[in-house]
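# Coordinate inspection notes
Each chain, letter by letter, is given below.
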Protein chains: 2
Amino acid sequence: MRFSKRISQMDTSDLRNVLALTARPDIISFAGGLPAPEAFPVEALRRAADRVLRTQGPAALQYAPSQGFAPLREKLAQRHRAQGIPCTADDILMVSGSQQGLDLAGKVFLEPGDVVLCENPTYLAALTAFRAYECRLLPVETDDDGMVLEDLEQKLSAHPEAKLMYVIPTFQNPTGKAWSLERRKGVLALAEQYGLPILEDNPYGDLRYEGEAVPTLKSMDTGGIVTYMGSFSKVLSPGLRLGWLIAPPALLEKYASAKECTDLQAGTLSQMVADAYLEDNDLDANIRRISALYKKRRDLMLSCLAEGLPAGASCTHPQGGLFLWVTLPEQIDTTALMPVMTARKVAYLPGVSFFAGRDVRCCLRMNYSNAAEDQIVRGVETMCRVFRDTLAKG
Amino acid sequence: MRFSKRISQMDTSDLRNVLALTARPDIISFAGGLPAPEAFPVEALRRAADRVLRTQGPAALQYAPSQGFAPLREKLAQRHRAQGIPCTADDILMVSGSQQGLDLAGKVFLEPGDVVLCENPTYLAALTAFRAYECRLLPVETDDDGMVLEDLEQKLSAHPEAKLMYVIPTFQNPTGKAWSLERRKGVLALAEQYGLPILEDNPYGDLRYEGEAVPTLKSMDTGGIVTYMGSFSKVLSPGLRLGWLIAPPALLEKYASAKECTDLQAGTLSQMVADAYLEDNDLDANIRRISALYKKRRDLMLSCLAEGLPAGASCTHPQGGLFLWVTLPEQIDTTALMPVMTARKVAYLPGVSFFAGRDVRCCLRMNYSNAAEDQIVRGVETMCRVFRDTLAKG
């Protein structure tokens, strides 16, 4: 059989093998991006499902409009307005998780060879989603405050034909960093100047453990260039597969057509269960409960790393989200060390796949939301011992 | 903003406008492809959801493997083996409804300009899904027994480079026709001879109201060239958004990577609810119950059409599925008549969009599963009167 060219760019078997390995119950895994099992409001969602199926059963099991269940879009619009994004239900398209938002953005915007700007490093599954459209990924230098404006300006003037910019300004995946307000304003201004649409991915923004909230790009998007992606995956449940896009009308229409051609609509039952949950419960109370749990795990992981990491290594101190990022001395190849780690029953996600150029091998991503406290202590200790031993051996 | 070329091929706003219009409660609509609301086993699915969330809540709300929930794939494999398709759970990939199967096939196989063979007419949303990959759709002549082998052979010898063939051999959308065994064998043999992969879409096959079952292409696929698409949408619930692909291992691996890049996985809760339903209930009993209902509606619609259709018009007599197909005298343009129909509070789906060449305007698709008996009587009568009046006016 002759396959498409794009499919060779989409081979995810390496990553799937890592994640399958780390799903083994004997392995302490910091590799995935899973919420804690105790983070889900199981009983409230059970009651929501029960009420929906008792009172609106046939509607919940039927096809529904491709834009999404209207009452749910109303509630999301209200929530976003309260967070500073002026929008109505009409401005929202429900999608099957944020990952689908990435694919739809590729469908709507990208031709082979098109330039897509992104942070360096950035979310690896976004890189794969865009690679499926055979684009050229151009990473922009990123420091603790976000994209470096000088580098962005240089890249934009060298590539004024760039088609799209993908960013995760708040508690970024993989680094956990949040952009400063100044950088947000600067990036928006440059993108407007060059007429470059921005895709702002914000699945973690509600999970803040310290510091002051910083406005989203979308809340400052007076030029209508930003597509905002929200998600229930980290604050309610990833198993419902529900995310949403907020975009200006002419652009949302394109996304809606792409969504319909791709899989008709997001799940009706999922949407109605989420809607019933929001009607009968306080999502923010759930977010506060999860945040307290994750803050404790973040603090524990940071203190274990401070104790165990070898000299010359450093890690980020995320103010929220699910991930932190470790940078080791350059002689350490975190991918090459994976077999040693899994033999010692511990796993992280090697950093190389998060770089568009696949050119940095001494970093790794750690998830602190999914592991219990004792696993964090033992797992970080084991990992750090391997790093120290590797450096000692030269 | 500069959009991709493909997105202009994916404009579904016309169709969405028709379907939105026909969702008006004052309109009798035969336009959609919806199951009857009373077809859903609401109480059994409510109990399934309740059991899953009571006993496996955190797992049902968490991320799950991209290939799909293993126990559900086991049950589907067993079901398909009983229907003559030799397969195991490993040969199955769960997708977010069959529509996603079409998109994934496009992703895996198609380059711009690639030739895709299909029936003429064929499922309109398949045409749109493939057009998103900028392919060239080549319709093959189709009669009451299926694809015409002579025309297929001619098209294949003229286009040996063809990349994919898309077919719905059983209770086709839009015509409701089923291919004869002889044609199935003939098409398979030709496709094997030319090394052409086949995508066999079979969402309606279980809904047979009369006649003997005919084997699926996949059950005779000794060469491993067929991807089979199954779906819960017509036999259990479309709101769960669950379909599945069955394909040889090397091909399934490609689909799995494409699925993962596109939206990670099908909904976990949906899959576990479907699995619990299959564990505690007899899906075939539900299918028999639905079939009895739909047979009655089909019979009623056929008799109303026999009475009302003008001379020179004809309709198919489907042995199963959800649709029948009306061919009117050539001077009738079913698209142009839509405003008249909706003014008289009745709607069908104009036929032109089902032809890859958009070159036949005197046909229409009617759905008989979703309308109540009295609506069928009144709706068909109204429609037929408009057709007769239009012809009388010349």
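Residues numbered from 1 in each chain as written. Chains lettered and ligands numbered in written order. Predicted model: local features only at pLDDT ≥ 70, side-chain atom pairs only at ≥ 80, totals over all residues. Heavy atoms only, no water.

The name that an unreviewed UniProt entry assigns to chain A is PLP-dependent aminotransferase family protein, with the source organism given as Candidatus Oscillibacter excrementigallinarum. Looking at the Subunit (unreviewed entry) heading of the UniProt record, one finds this comment for chain A: "Homodimer." Recorded in UniProt under Cofactor (unreviewed entry), the annotation for chain A is "pyridoxal 5'-phosphate". (UniProt positions renumbered as here; feature names shortened; annotations may be inferred.)

### Brief notes about the environment of Pro350(A)
Position of Pro350(A) among the secondary structure elements: in strand β13 (residues 349-350). Judged by its relative accessible area of 10%, Pro350(A) is buried. (Helix = DSSP H or I, 4+ residues; strand = E, 2+ residues; numbered from the N terminus. Buried < 20%, exposed > 50% of the residue type's maximum accessible area, 1.4 Å probe, protein only.)

### Re the packing of helix α5 (residues 98-109) of chain A against helix α6 (residues 124-131) of chain A
Residues and elements named next belong to chain A. Relative orientation of the contacting elements α5 and α6 amounts to 35 degrees, with a least axis distance of 8 Å. In this structure, the crossing between α5 and α6 has a hand that is right-handed. Listed contacts from α6 to Gln99, Leu102 and Asp103 of α5 are Ala125, Ala126, Ala129 and Phe130. Tallied by class, residues from the contact of α5 with α6 come to 5 nonpolar, 1 polar and 1 charged. (Axes fitted to C-alpha atoms, helices over the stretch in contact; angles between N-to-C directions. Left-handed = near helix turned anticlockwise from the far one by under 90°. Contact = heavy atoms within 4.5 Å. Nonpolar A, V, L, I, M, F, W, Y, C, P; charged D, E, K, R; others polar.)

### So, the sheet that holds strand β11 (residues 323-327) of chain A
Residues and elements named next belong to chain A. Here we have 4 strands laid out as an open sheet, ordered β10-β11-β14-β13, and antiparallel in their pairing. Every other strand in the sheet has two partners, leaving β10 (314-315) and β13 as the edge strands with one partner each. By the bridge criterion, 2 bridges tie β10 to β11 in an arrangement that is antiparallel. Counted as the bridge partner of Ser314 is Thr327 from β11. (Pairing = 2+ DSSP bridges.)

### A closer look at unusual backbone geometry
Here Asn120(A) and Pro121(A) are connected by a cis peptide whose omega angle stands at 5 degrees. Here Pro121(A) lies in the loop between β3 (115-120) and α6. The omega torsion of the bond from Asn173(B) to Pro174(B) falls at 20 degrees, within 30 degrees of zero and hence cis. Assignment of secondary structure puts Pro174(B) in the loop between β6 (164-167) and α8 (181-194). Although it is not a glycine, Leu264(A) adopts a positive phi angle of roughly 65 degrees. Looking at the secondary structure, you find Leu264(A) in the loop between α9 (249-263) and α10 (268-280).

### Regarding the packing of helix α7 (residues 149-158) of chain B against α8(B)
The geometry of a pair of packed helices is captured by two quantities: the angle between their axes and the separation between those axes. Residue and element names in this part refer to chain B. Their axes nearest at 10 Å, the elements α7 and α8 cross at an angle of 10 degrees. Our classification of the angle between α7 and α8 gives roughly parallel. Seen from α7, the contacting residues are Leu149, Leu152, Glu153, Leu156 and Ser157; seen from α8, they are Arg183, Gly186, Val187, Leu190 and Tyr194. Its residues assigned to classes, the contact of α7 with α8 comprises 6 nonpolar, 2 polar and 2 charged. (Parallel < 35°, antiparallel > 145°, perpendicular 65-115°, else oblique.)

### Focus: the side chain of Asp221(B)
Mapping Asp221(B) onto the fold places it in the loop between β7 (198-201) and β8 (226-231). When neighbours within four sequence positions are excluded, Asp221(B) is seen to be in contact with Leu188(B) and Val226(B).

### Remarks on the relation of the copies chain B and chain A
Note on the copies: chain B fits chain A at an RMSD of 0.0 Å, the axial shift is 0.0 Å, and the rotation between them is 180 degrees. Within this description, the copies of the chain are treated as partners about a two-fold rotation axis. When the interface residues of chain B are mapped onto chain A, 100% of them again fall at the interface, so both copies present the same face. (Least-squares fit on C-alpha atoms with pLDDT ≥ 70 in both.)

### Some remarks on the interface of chain B and chain A
Contacts between chain B and chain A engage 75 residues on the former and 75 residues on the latter. Together, the buried faces of chain B and chain A total about 6600 Å²; carbon and sulfur atoms form 60% of this surface. By the criterion of area lost to chain A, the three top residues of chain B are Arg2(B), Leu61(B) and Tyr63(B), representing 11% of everything that side buries. Inspection of the chain B/chain A interface yields 4 salt bridges. (Buried area = accessible area lost by both parts, 1.4 Å probe. Salt bridge = Lys/Arg side-chain N within 4 Å of Asp/Glu carboxyl O.)

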